[in-house]
Amino acid sequence: MRRTDIGPPDYKTMLPDVIKNNYGRWKYHEIVRPGVLRHVSESGEEVYSIRAGSPRLVSIDFIRDLCDIADKHCNGHLRFTSRHNIELMTPDKSKVGPIISDLTKLGLPIGGTGKCISNIVHTQGWIHCHSAATDASGIVKAVMDAFYDQFTQMKLPNHLRISLACCINMCGAVHCSDLAIVGVHTRPPRPDHEKVLAQCEIPTTIQSCPTGAIRRHPDPNVKSVVVREDLCMYCANCFTVCPALPLANADTDGVAIYAGGKVPNARKPPMFSRMVVPYLPNNPPRWPEVVDVLKKIVDVYASSAKPTERLGEWIERIGWEAFFKRTEIPFTAQHIDDFTHAVETYRTTTQFKW
Amino acid sequence: MTDDTPLLDELEKGPWPSYVKEIKRAAKKNPAARDLLRIQERSYHDRVTHWKHGGIVGVTGYGGGVIGRYCDSPEDFPHAAAFHTMRINQPAGWFYTTSALRKLCDIWEKHGSGMTNFHGSTGDVILLGTTTEHLQPCFDELTEAGFDLGGSGSALRTPAGCIGQARCEYANIDTLDLIHDLTMTYQDEIHRPRWPYKFKIKASGCPNDCVAAIARADFTIIGAWHDALRIDQDEVRTYAKSGLDIESLVVRKCPTEALAWDGSTLRLTPEDCVRCMHCINTMPKALRPGLVKGATILIGGKAPILKGANLSWVLVPFMEIKSPYTEVKDLLAKIWDWWDEHGRTRERVAETIERIGLKEFLKAVDLPPVPQMVNKPRSNPYVFF
């Protein structure tokens, strides 16, 4: 008899004793040093959590290496964070050093806590996705190489969260990140008329377009669709429902950079990320143009924001016009919104900077 | 065909741990991982993806949990011609024993490429790359080891929550138990897609929202308290003595001016507090959430596809969140009934609400309109009576 719908393992069977014993009784925490948290319970017990960065796309032998460390120091328990970091937990302060040393031997950075750049939440890219307009893991590696010291230290005005989506489906909270890298197409789909009939349902394909750019082919003998190029904004929703409408284009696909989003409610409410660079080319293996723009933004933010200001809070205080001036990023026609909530973004006051 | 990967080799350099090293590690043992590396190198050369639209593959009795994936050049990469993904529902809070993880690794060594994501952005363990023939035997061994598939397609996606009361003093609700309970209750909704589009549930224990529930979940549960936050004045003074500038870094940062500091006592006007968490984040030893605990329920968070991104909207300002979570489940049932009836294909619940109107939606789910639902009332005179 096959078993189905058993659901995930019960989390209670996965918890270390110190977590189980103090569940719901934690009193406060402190960051002992970058990458090491100390949580103290009402019971007086404490747990040290050592956080390390991970490439996220890992082999099973990588997981086994982590298991070896957890078996050696943590009674066979470990966890992962919502930003793909690794955490090893121990109630025993004397084990913190040996755990750090064993993680370091694996080449893993210790950090990702407090006012730092934590690991990048990202999608699959060219590793596994059919709709990717750019790669994911490669850009992430290049960006985190550049921000390695920001991961292992806590010297920013506040947390800075980066995420990457390899197309505008945005699997991941890319639209509310301090910095977001988004894969974009910049040319309309090219209907393959022979395949449309075989692979696609024409009414569904027409309905999938948010701007009404897809029409029936004018020749009733051709059972296919045409794309009105002046209406298409390359969202690829049609490609998702109809594989015969490919958009991928080596020369014109690339990435856009967004900035100033946040998720927490602390101080200002959550905010969307806003476009700061509409297009940069796909330049593998290390996407230097992308890395340079992000470094520039982080440098200006780190040197000018007030303590506790997230990137978006800093930009709102100084004004977007000052942001573009200080980062020397050109403002273009593409920055002005013309989609569903566009008018909310147009300035309705004479308060602005020169 | 050459095994040289000069472009990817560049990504073995630099201090951050390299995924290319990881693929190479798997490639030593596994021909599919070796082909994955070569496909990636070709994409780096061509600057386009070499994966095709997924086909319909899966395991008996399930409509999702497996993403079919085929390479566009099977003749060049025969071992990764079919390279399907299996989404494995993570234990709540991403806690593991090493014995559970080792079992997962052993199963994936036998049935797949040996490459994984710990974790995917929705929260599942992602097992990357296997063939159609291996799916069923792999699944059978996974369930034998206590694991099951997560969601995909137009289904309830694998619910996820923050670490909650397991190791966080800010948590106002037991996110792990809530997420595990909802996941077990809705196995059918997760495994058999039948809705207009995807539906996501995420729970964060406090408004810091470490799983980005407000941005990423159609149904957003964020822990809240209904009384006053707790202040330990001695600890406040200790922070002040240790050099924290309480006036400029705490009091002046309060978005509603609910705090005052006279150099020895921190005073709160509880009715002005909007639970933003800033003061608690800054002085975790001195300040704590209140004791009347529950959650704010919000609806409609999503990424831009199709009509623009949404942050979730407040639906229930305060709800007690206690096992067996009947109130949450009753509300979910009403939402799903309405959305299933009115939603168009590939329309997330927020888009259905936007098209038909929040007023109609509130009627359908039996919730009274309250001012907490809006930033401000309407300014136009075009009203239906």
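Nothing here was measured: the structure is a model prediction, and the numbers come from that model.

1. What to know about the packing of aromatic side chains
Enumeration according to the criterion identifies 24 aromatic pairs over all chains in this entry. Consider the rings of Trp195(B) and Phe199(B), whose centres lie 5.9 Å apart with planes at 65°: the pair is edge-to-face. On the basis of relative accessible area, Trp195(B) is assigned to the buried category, the value being 8%. The exposure class assigned to Phe199(B) is buried, which follows from its relative accessible area of 0%. One aromatic cluster in this structure is built from Tyr301(A), Trp314(A), Trp320(A), Phe323(A), Phe324(A) and Phe331(A). Sitting over the ring of Phe95(B), Arg79(A) keeps its end group 5.2 Å from the ring centre. When the ring centre of Tyr62(B) is taken as origin, the NZ or CZ atom of Arg192(B), which lies over that ring, is 5.4 Å away.

2. With respect to the interface of chain A and chain B
Accessible area lost on assembly of the parts is the figure often given for the size of an interface. Each partner contributes to the interface: chain A provides 117 residues, whereas chain B provides 115 residues. Buried area between chain A and chain B, summed over both chains or domains, comes out near 10300 Å², and the portion from carbon and sulfur atoms is 60%. At the surface where chain A touches chain B, the tally comes to 12 salt bridges. Here Asp71(A) ties to Arg102(B) by a salt bridge, and the two come within 2.6 Å at their closest N and O atoms. One can count 63 residue pairs in polar contact (both at pLDDT 80 or more) joining chain A with chain B. A total of 10 residues in the side of chain A that touches chain B trace back to one element, the largest contributor, which is helix 2 (residues 60-73) of chain A. Residues that form the side of chain A that touches chain B fall into these classes: 56 nonpolar, 37 polar and 24 charged.

About the thresholds
Residues numbered from 1 in each chain as written. Chains lettered and ligands numbered in written order. Predicted model: local features only at pLDDT ≥ 70, side-chain atom pairs only at ≥ 80, totals over all residues. Heavy atoms only, no water. Phe/Tyr/Trp six-rings, centres within 6.5 Å; stacked < 30°, edge-to-face > 60°. Buried < 20%, exposed > 50% of the residue type's maximum accessible area, 1.4 Å probe, protein only. Lys NZ or Arg CZ within 6 Å of the ring centre and 35° of its normal. Contact = heavy atoms within 4.5 Å. Buried area = accessible area lost by both parts, 1.4 Å probe. Salt bridge = Lys/Arg side-chain N within 4 Å of Asp/Glu carboxyl O. Polar contact = N/O pair within 3.5 Å; in protein donor to acceptor, adjacent residues only side chain to side chain. Helix = DSSP H or I, 4+ residues; strand = E, 2+ residues; numbered from the N terminus. Nonpolar A, V, L, I, M, F, W, Y, C, P; charged D, E, K, R; others polar.

The values reported here are purely geometric and, on their own, carry no functional implication.
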